[in-house]
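# Reading the structure
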Amino acid sequence: MTLKTIHLASALVINSDNEMLVVRKKGSTYYMMAGGKIQTNESAKEALFREIKEELDLDLNNEQISYLGSHQTTAVNEAKTLVSADIFLIRLTTKSVKPHAELEEVIWLNQMNYTSYQLAHLLKEFSLPRWLKMKKEE
Ligand SMILES: Nc1nc2c([nH]c(=O)n2[C@@H]2O[C@H](COP(=O)(O)OP(=O)(O)OP(=O)(O)O)[C@@H](O)[C@H]2O)c(=O)[nH]1
């Protein structure tokens, strides 16, 4: 069986209380990382700046963002598809973030609520353990 691979730039977004931001796109039941497909002639970081502007209407600067690593896993909402993502850490000083473009919902996860949401594999496998470790070290 041939699998398609989608190349993504996505973000583990945290605020000053170490809450983690997850988004739900229209028509999706999964909560996932903000971000999206990397277009031709665009670096992963450029793609992420563009997606964060489109989805959350935020203008990022280089000091707020750092590279965490890459991860490949099964895509949600797409049959026979893998996602291969470059994942960045974004630190926000504001909690006031609203959904734009194709987003339906934006949620800040904390210690109390994070088990209540169905998370996309990419988020569950890569970001969740890192975020939980960050919280332990608080
Ligand atoms: N942003 C994001 N997408 C994910 C994650 N996990 C995952 O499987 N995906 C899948 O990756 C795909 C991203 O495609 P998209 O269509 O939302 O991205 P985009 O906004 O760049 O698309 P478009 O410009 O073609 O409309 C979706 O099928 C989404 O379900 C994740 O954590 N974050």
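Below is a summary of the structure that appears in this document.

Parameters at a glance
Residue numbering note: each chain is counted from 1, following its sequence as written. Per-residue local features of the predicted model are confined to residues with pLDDT of at least 70, and side-chain atom pairs are confined, for both listing and counting, to 80 or more; whole-chain, interface and lining totals are unaffected and use all residues. Derived side-chain values reflect all non-hydrogen atoms in the structure, with water molecules and hydrogen atoms excluded from consideration. Nearness here has a simple test: a residue counts as near a molecule or strand if at least one of its heavy atoms is within 4 Å of that partner. Between N or O atoms, a polar contact is any pair within 3.5 Å; within protein, one atom must be a potential hydrogen donor and the other a potential acceptor, and residues adjacent in sequence are included only when both atoms are from side chains. Only the protein chains shown count as cover for residues, and the accessible areas themselves come from Shrake-Rupley with a 1.4 Å probe. Numbering of helices and strands runs from the N terminus; a helix is a DSSP stretch of H or I covering at least four residues, while a strand is a stretch of E covering at least two. What counts as a salt bridge is simple: a side-chain nitrogen of Lys or Arg found within 4 Å of a carboxyl oxygen of Asp or Glu. Using a 1.4 Å probe on the protein chains alone, a residue whose accessible area is under 20% of its type maximum counts as buried, one over 50% counts as exposed, and one in between counts as partly exposed. Think of it this way: DSSP has to see at least two bridges between two strands before they count as a pair. By the convention used here, residues are in contact when the closest approach between their heavy atoms is within 4.5 Å. A helix is expected to span 1.5 Å for every residue after the first. Bend, in this description, refers to the angle at a residue between axes fitted to the seven residues ending there and the seven starting there.

## Some details on the site of the ligand
Neighbouring residues of the ligand: 16 residues in total, closest Lys 25, Lys 37, Val 76, Glu 78 and Glu 102. Here an oxygen atom of the ligand sits 3.0 Å away from a polar atom, N or O, in the side chain of Glu 51. Between the ligand and Glu 78, the relevant distance is 2.6 Å, taken from an oxygen atom to a side-chain nitrogen or oxygen of the residue. Taken by itself the ligand offers 650 Å² of open surface, and the protein chains cover 79% of this. Here the shell around the ligand gets three residues from one element, more than from any other, and that element is strand E3 (residues 34-37).

## A look at the pattern of salt bridges
Tallying each qualifying case throughout the model produces 10 salt bridges. The partner of Glu 51 in a salt bridge is Arg 50, and the shortest N-O contact between them spans 3.2 Å. Accessibility expressed as a relative area gives 7% for Glu 51, which makes it buried. For Asp 57, the salt bridge identified is with Lys 53, shortest N-O distance 3.0 Å.

## Re the pairing of strand E1 (residues 4-14)
With eight of 11 residues buried, E1 is to be regarded as a mostly interior element. Note that E1 and strand E5 (residues 81-91) share 11 bridges and pair parallel. Within the sheet, the bridge partner assigned to Ile 14 lies in E5 and is Arg 91. In this sheet, strand E2 (residues 20-25) lies alongside E1 in antiparallel orientation, the contact comprising two bridges.

## Details of the environment of Leu 109
With respect to the helices and strands, the residue Leu 109 is situated in strand E6 (residues 103-109). What makes Leu 109 buried here is its relative accessible area of 0%. Setting aside its immediate chain neighbours within four residues, Leu 109 contacts Glu 19, Met 20, Val 22, Tyr 114, Tyr 117, Leu 119 and Trp 131.

## Focus on helix H2 (residues 121-136)
The end-to-end C-alpha distance of H2, which contains 16 residues, comes to 22 Å, matching closely the 22 Å that a straight helix rising 1.5 Å per residue would cover. Taking the largest bend as the criterion, H2 deviates by roughly 40°, centred on Ser 127, and proline Pro 129 comes between one and four positions later. Every buried residue of H2 is accounted for by Leu 122, Leu 123, Phe 126, Ser 127, Leu 128, Trp 131, Met 134 and Lys 135. The secondary structure elements touched by the buried residues of H2 are E1, E2, strand E4 (65-74), E5 and E6.

## Notes on the side chain of Ser 84
Take Ser 84: it is sitting in strand E5. Residue classification places Ser 84 among the buried residues on the basis of a relative accessible area of 18%. The contact partners of Ser 84, leaving out residues within four places of it in the chain, are Thr 5, Ile 6, His 7, Leu 8, His 71 and Gln 72.

## Considerations on the side chain of Asn 18
Looking at where Asn 18 falls in the secondary structure, it is placed in the loop between E1 and E2. For Asn 18, the residues in contact, after removing those within four places along its chain, are Trp 131, Met 134, Lys 135 and Glu 138.

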